[in-house]
Every structure is written in structure tokens, then in C-alpha cells.
Amino acid sequence: MPSDVPAHGYDFVVVANRLPVDVSLGDDGEPTWTRSPGGLVTALAPVMASTSGAWVGWGGSPDLELEPFDVDGTELIPVVLTEDDLEKFYEGFSNDTLWPLYHDVIEPPAFHRQWWDSYQKVNRRFAQAAADQAARGATVWVHDYQLQLVPKLLRELRPDLRIGYFHHIPFPPLELFAQLPWRVQVIEGLLGADLVGFQRAGDAANFVRVVRRLTDLTTRGQMVTLNEEEGHTGPGRHVRAAAFPISIDSHAFDQLARTDDVRERALQIRRELGDPEFLLLGVDRLDYTKGIRHRIKAYGELLLDGRLSPQSTTLVQVASPSRENVGAYQQLRDDVELLVGRINGDYGQVGHAPVQYLHQSFPMEEMAALYLAADVMLVTALRDGMNLVAKEYVAARSDDRGALVLSEFTGAADELTGSVLVNPHDIDGMKDAITYAVHMDARESRKRMRRLRRRVLGHDVVAWSEDFLAALNAVPVRATRD
């Protein structure tokens, strides 16, 4: 049954798995919050500030029931997730079913009906929370793979809304997506939106092909037409699927990297590492999609072959902790640490290790200094929706120096045409690419970096959100019946 329109609803509602703040209870039982870092928060801040906006999401702590509260003019609507929800909806279906399936089945996905039941239940909870907050005719923007059923559920509750959905991770080809036992239900969930956004044109094309093969709907180019007799709300509604590559707050990052403190810290990092002739850098979540094992293997072979000197070259690998309770991630950590230990054991000297491995997270100031210190940035993901680390590195390089080795399987590869593209599965090819980047002529390096910076600084995260919302507002929305 459709929900009632709230008397004092919001004109713009964001629905995401997480709130833009982390909420916890203090010793006095009162809730406290800290702002969450992240591009999505930055991207939507101007929109939220300029309109009557609300953000629906989980506060970050299980079983925490909170009333809505205001942060910087945005109303935050907490959604409760229980320990059982986190186990089955989040760690289970979202991250052990959808995540590996959507990332080329690098690890085998697990299909459990109890996880699917939890996914449906939590998606209904988010949809109801959004329906309870949106004003008549409001715009609702749903985010990412954890909430793929929300668009349809929300449209059933509130057919008056204009609904957008953005998919932050890759969308797989039909041959992989078809493995999902609930494939049709997920597609129908996404088709509840008026606009479905993806990182790459190939992802949007995959989605349209899946719709064409798994449903009887009409598709033409980017458009999918839903007819009333097919059970969808609204007569002849159209859904557009298109690419909207996400970015970062590039100007802010550029300014951060120009500060005296960050520049001095970059010099200090190189000194602490023994002033290597060549400093290579990898920055990733410790995730099997990031190609960390492949990268370290290639680097170790370059040392073995004598193409890089272990005395004058250092690889700094930052691998921030991720999903440490999941078996595949525990195995990955063991594998990476074994590789690092073997290389340092074979080629290290007193006072110098060829690999500096840091299994921890760092503040943005330290990351900017690392980017500025590095001669070569290695982004060798096996599959990635975008990869914002590549864009952060470029934004930090106001000196027009440095080189970016970039996997062709990242969304960033479509935009960052000044990078050295690589197939991370091709270890010999990756070794050649790293060697080329290390020894790149200074003139070519400047030319490439200027091209990269024009793209990253010219299309920041605010432009991304404006592009998506402009396209959403341009999609024809047919009048609905009362």
C-alpha cells in the first residue's frame, strides 16, 4: 500500500547504507557523532545545503535506536541494523554474495537464502524510512549495491517521487550476473528508479543487456520502457541507464598537497626511507579485488631480474584493514605478508627494506604527503568501479611530476588517459609498465601529468553530483494515478 505523504517532508532525500557520520553512545548514554570521511559526503554537501535535505542511513553501531538529528542543516534519519542484519544483510549477502559476483568472481560468491531474506527485509526498512521523509514530488537518490531493491520498494510506497540510483561498484556482464538466483528481483528493484547511474559506459551496457535478456521489457540505447500491464507503477514509464564517473574533491586535495606541512612531510618520508632513487607507492583497502598480490609479485621479480635495484628502490604498500572477519580477507593478509617477508628477507639490508608494508589507515594529510613523495603510483586493481586513489595521486601532484601505472580494469582508466595502462593479470606486462614508469623521461612525465590533472581538476565530485541530478531531472516522469 502507498505511504502517506508526510506533512513536513524533505525535497531531497539521500538513501545510503551509511550516514555521513558515525554515531555511538557516550558513557552518559547520550549519542555522539564524528563526521565520516568520503567522497559521497563531499559530493552531496552543496546539494544538501541548498535545499531541504535529509539523509537516510545506518549510524555505524548495531542495535542503536536514535531519533532523527540535524548536522550542519541536514536532517539525518538513522536506520537500525541489528547484529543479525550485519551478519546476513551486510557481511553476508552484500559482501559475500554481491561483492565477489560483481567483481568478476575473483573469489566465489556464496548464495544463501537466509542472506537473501535479510537483504529484502533491510531494503524494505530503508525504503520505508525514505518514504516517511520525502515531500510530495521529492527527489530521492539511492546509493550502491547494498540497496538495489529500494528503488522499486520506494516507488510502490510513493509513486509521486523522482528516484535516482547510483551503482558505485562494477556491474557484471550477463554471463556472471545470471548466476544470482534472485537476478530478476534485483533487476526489477533497480528499474524502480527513473535513472540508474554507473561508473563506466560498459557497466550501463551490461545492465541494459541483462534487462533485455531477463525481462520482456523494451530497450533502445540507454532507455528501458516499462508498461503498466507488466506490473509496474505508472503508464509507460522510462528508465535511463548511463555512465556518470565519480570523482573526488580535487581542488581541496590539490590545496592540501600544496601546504608547507605536507610538502615538508613528503621530504621527511623520503629521508626516513633512506632517500631511495625510486619510490613506488600502492594504497588500497586490503581487498582481493585490488591486485596487491600481483603487484608485489611483479615488484619482487623486477628485483630478482636486476631491472630494479633493491638498494635504491623502495615500494611503500599501504593496505588499510578491511572486513577482517571474512575468511578470504584473512587469507589475503596472510598471502601479502608472506610475499613481503620473502622479498625483504631475500633483498633487505640492515637499515633498509625493499618493501615497507603498512597495514593501517592514515589521515588525509599523511596520504597527500605519501602521494607527493612517490615517483610512481601503482594502481593495479583486478576490477574496480572507479578507484579514487588514482585521482587523489593526480590531484596531489601540483609539481607535474610522478607517473601513474593504472589497471585497465578500473573505471578511472576510461578518464585518466595520461597514465601507463596495464593488465594486472599479465605479470610480465606489468613489470614492463613499472620499469617504463620508473625511467620515464621528465618531459614526458610532465606532459602526461598535466593531461591527468586537467581531467581530475576539471571534473570534480561536485560536478559529478550536478551531472547526475541534472540527468535525473531531465528524465520524463509520467503522471501517476491517485
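For the protein chain, the name recorded in an unreviewed UniProt entry is Trehalose-6-phosphate synthase, with Cellulomonas terrae as its organism. Recorded under Sequence similarities (unreviewed entry), the UniProt text for the protein chain is reproduced unchanged: "Belongs to the glycosyltransferase 20 family."

A. Focus on the packing of helix 2 (residues 83-102) against helix 3 (residues 113-131). Close contact between helix 2 and helix 3 brings their axes to 8 Å; oriented N to C, the two are set at 110 degrees. If you check the angle between helix 2 and helix 3, you find them roughly perpendicular. Contact with helix 2, carried on its side by Asp 84, Asp 85, Lys 88, Phe 89, Gly 92, Phe 93, Ser 94, Asp 96, Thr 97 and Leu 98, involves Gln 114, Trp 115, Trp 116, Ser 118, Tyr 119, Lys 121, Val 122, Asn 123 and Arg 125 of helix 3 and no other residues of that element. Here the contact of helix 2 with helix 3 is built from residues that sort into 7 nonpolar, 6 polar and 6 charged.

B. Spatial organisation of the sheet that holds strand 16 (residues 376-379). Across the sheet, 6 strands lie side by side as 15-14-13-16-17-18; this open sheet has parallel pairing. Looking at which strands have only one partner, the edges of the open sheet turn out to be strand 15 (355-358) and strand 18 (420-422). Along the sheet, successive strands turn relative to each other by an average axial angle of 20 degrees, direction set aside. Across 4 bridges, the pairing between strand 14 (residues 313-320) and strand 15 is parallel. Across the sheet, residue Gln 317 finds its bridge partner in strand 15, namely Tyr 357.

C. Broad picture of the side chain of Thr 74. Among the secondary structure elements, Thr 74 is positioned in strand 6 (residues 74-79). Overall, Thr 74 belongs to the buried group, its relative accessible area being 10%. Leave out the neighbours within four places in its chain, and Thr 74 touches Met 48, Gly 53, Ala 54, Trp 55 and Phe 69.

D. Representation of the pattern of salt bridges. Applying the stated criterion to the full structure yields 33 salt bridges. The shortest N-O distance in the salt bridge between Arg 453 and Asp 400 comes to 3.9 Å. Placement of the pair is Arg 453 in helix 15 (residues 442-458) and Asp 400 in the loop between helix 13 (388-396) and strand 17 (403-407), with a sequence separation of 53 residues. The two residues Arg 453 and Asp 400 agree in class, both being buried.

E. Region of the structure containing the domain arrangement of the protein chain. Partitioning the protein chain into structural domains gives domain 1 (10-246 + 463-474) and domain 2 (250-458). Listed per partner, the contact involves 17 residues of domain 1 and 24 residues of domain 2. Each partner contributes to the roughly 1600 Å² buried at the junction of domain 1 and domain 2, and carbon and sulfur atoms together form 56% of this total. In terms of surface lost to domain 2, no three residues of domain 1 exceed Trp 99, Ile 106 and Arg 200, which account for 37% of the buried area on that side. Summed over the shared surface of domain 1 and domain 2, the result is 2 salt bridges. Notably, a salt bridge pairs Arg 200 with Asp 414, separated by 2.7 Å at the nearest N-O pair. Of the residues that constitute the side of domain 1 that touches domain 2, the class distribution is 9 nonpolar, 4 polar and 4 charged.

F. How the structure looks around a negative patch on the surface. A cluster of acidic residues, Asp 63, Glu 65, Glu 83, Glu 87 and Glu 91, forms a negative patch at the surface. With respect to the helices, strands and loops of the structure, Asp 63 is situated in the loop between strand 4 (53-58) and strand 5 (69-71). Judged by relative accessible area, which is 46%, Asp 63 ranks as partly exposed.

G. Expanded view of helix 15. End to end, helix 15 covers 24 Å across 17 residues, agreeing with the expected 24 Å (1.5 Å per residue, within 8%). Tucked into the core, helix 15 has its buried residues touching helix 8 (250-258), helix 13, strand 17, strand 18 and helix 14 (427-438). N-capping of helix 15 is provided by Asp 441, with a side-chain oxygen placed 2.9 Å from the backbone N of Arg 443.

H. Spatial organisation of the sheet that holds strand 12 (residues 237-243). Taken in spatial order, the 10 strands line up as 5-6-4-1-7-8-9-12-11-10 in an open sheet, and their pairing is mixed. Edge positions in the open sheet fall to strand 5 and strand 10 (218-220), since each of these has one partner strand only. On average, adjacent strands in this sheet sit at an angle of 20 degrees to one another, irrespective of strand direction. The pairing of strand 5 with strand 6 spans 3 bridges and is classified as antiparallel. The residue bridging Asp 70 from the neighbouring strand is Glu 75, located in strand 6. Contacts from helix 4 (residues 150-157) reach strand 7 (134-143), strand 8 (162-166) and strand 12 within the one sheet, and its direction differs from that of strand 8 by about 170 degrees.

I. Expanded view of the confidence of the model for the protein chain. Confidence in the prediction of the protein chain, expressed as mean pLDDT, is 92, and 96% of residues score 70 or more. Predicted confidence for residues 230-234 stays below pLDDT 50, and this span has 8 contacts to residues more than four positions away or in other chains.

J. Fine view of a positive patch on the surface. Side chains of Arg 443, Arg 446, Lys 447, Arg 451 and Arg 454 sit close together on the surface and give a patch of like positive charge. Within the secondary structure layout, Arg 454 lies in helix 15. For Arg 454, a relative accessible area of 59% gives the class exposed.

K. Just helix 9 (residues 260-272), in detail. Look at helix 9: 18 Å from first C-alpha to last across 13 residues, which is about the 18 Å you get at 1.5 Å a residue. When helix 9 is considered as a whole, its buried residues turn out to be Val 262, Ala 266, Ile 269 and Arg 270. Along the axis of helix 9, the buried residues cluster in a sector spanning 95 degrees; they form a single face. Opposite the buried face of helix 9, at more than 90 degrees from it, the exposed residues are Asp 260, Asp 261 and Glu 272. Taken together, the buried residues of helix 9 touch helix 8, strand 13 (278-285) and helix 12 (364-373). In the stretch just after helix 9, Gly 274 is the one whose phi turns positive, near 90 degrees.

L. View of the packing of helix 8 against helix 13. As a packed pair, helix 8 and helix 13 sit with axes 8 Å apart at the nearest point and diverge in direction by 50 degrees. When the interaxial angle is binned, helix 8 and helix 13 end up oblique. In this structure, helix 8 meets helix 13 at a crossing whose hand is right-handed. Of the residues in helix 13, those touching helix 8 at Ser 250, Phe 253, Asp 254 and Ala 257 are Glu 392, Ala 395 and Ala 396.

Basis of the calculations
- Going along each chain's sequence as written, the residues are numbered from 1 onward.
- Selection of residues for local features in this predicted model requires a pLDDT of at least 70, selection of side-chain atom pairs for listing and counting requires 80 or more, and totals for whole chains, interfaces and linings are taken over all residues.
- For the side-chain quantities, the full set of heavy atoms in the structure was used; hydrogens and water were omitted.
- UniProt positions are given in the numbering used here, feature names are shortened, and annotations may be inferred rather than shown by experiment.
- Angles shown run from 0 to 180 degrees and are taken between the N-to-C directions of axes, each axis being a line fitted to C-alpha atoms and, for helices, limited to the stretch in contact.
- Only DSSP runs of H or I with at least four residues qualify as helices, and only runs of E with at least two residues qualify as strands; both kinds are numbered from the N terminus onward.
- Orientation is classified from the angle alone, with under 35 degrees giving roughly parallel, over 145 giving roughly antiparallel, 65 to 115 giving roughly perpendicular, and any other angle giving oblique.
- Contact criterion: two residues are considered in contact whenever any of their non-hydrogen atoms come within 4.5 Å of each other.
- Here the nonpolar group is Ala, Val, Leu, Ile, Met, Phe, Trp, Tyr, Cys and Pro; Asp, Glu, Lys and Arg are the charged ones; every other residue, Gly included, is treated as polar.
- Any two strands with at least two DSSP-identified bridges between them are counted as paired.
- Accessible area is worked out with a 1.4 Å probe on protein chains only. A residue is then buried under 20% of its type maximum, exposed over 50%, and partly exposed in between.
- Within this document, salt bridges are pairs made up of a side-chain nitrogen of Lys or Arg and a carboxyl oxygen of Asp or Glu, the two lying within 4 Å of each other.
- Bear in mind that the domain bounds are from an automatic or database domain assignment.
- Two parts placed together each lose some accessible area under a 1.4 Å probe, and the buried area is that loss summed for both.
- What goes into a patch is any residue over 30% in relative accessible area without a salt bridge, connected to like charges within 9 Å or, for nonpolar side chains (Val, Leu, Ile, Met, Phe, Trp, Tyr), within 5 Å.
- Computed with a 1.4 Å probe, the accessible areas rest on the Shrake-Rupley method; for each residue, only the protein chains presented here act as cover.
- Neither His nor the chain ends contribute to the count of charged residues, in which Lys and Arg are positive and Asp and Glu negative.
- Where a charge lies is defined by one atom per residue type, namely NZ (Lys), CZ (Arg), CG (Asp) and CD (Glu).
- Multiplying one less than the number of residues by 1.5 Å gives the expected span of a helix.
- The term polar contact refers here to a pair of N or O atoms within 3.5 Å; inside protein, the definition further demands a hydrogen-donor-capable atom paired with an acceptor-capable atom, and it admits residues adjacent in sequence only when both atoms are side-chain atoms.
- pLDDT is a per-residue confidence score from the predictor, ranging from 0 to 100.
- Working definition: the arc comes from the directions between the helix axis and the C-beta atoms, pointing outward to the latter.
- Helix crossings are classified by the rotation of the near helix relative to the far one: an anticlockwise turn of less than a right angle makes the crossing left-handed, while a clockwise turn makes it right-handed.

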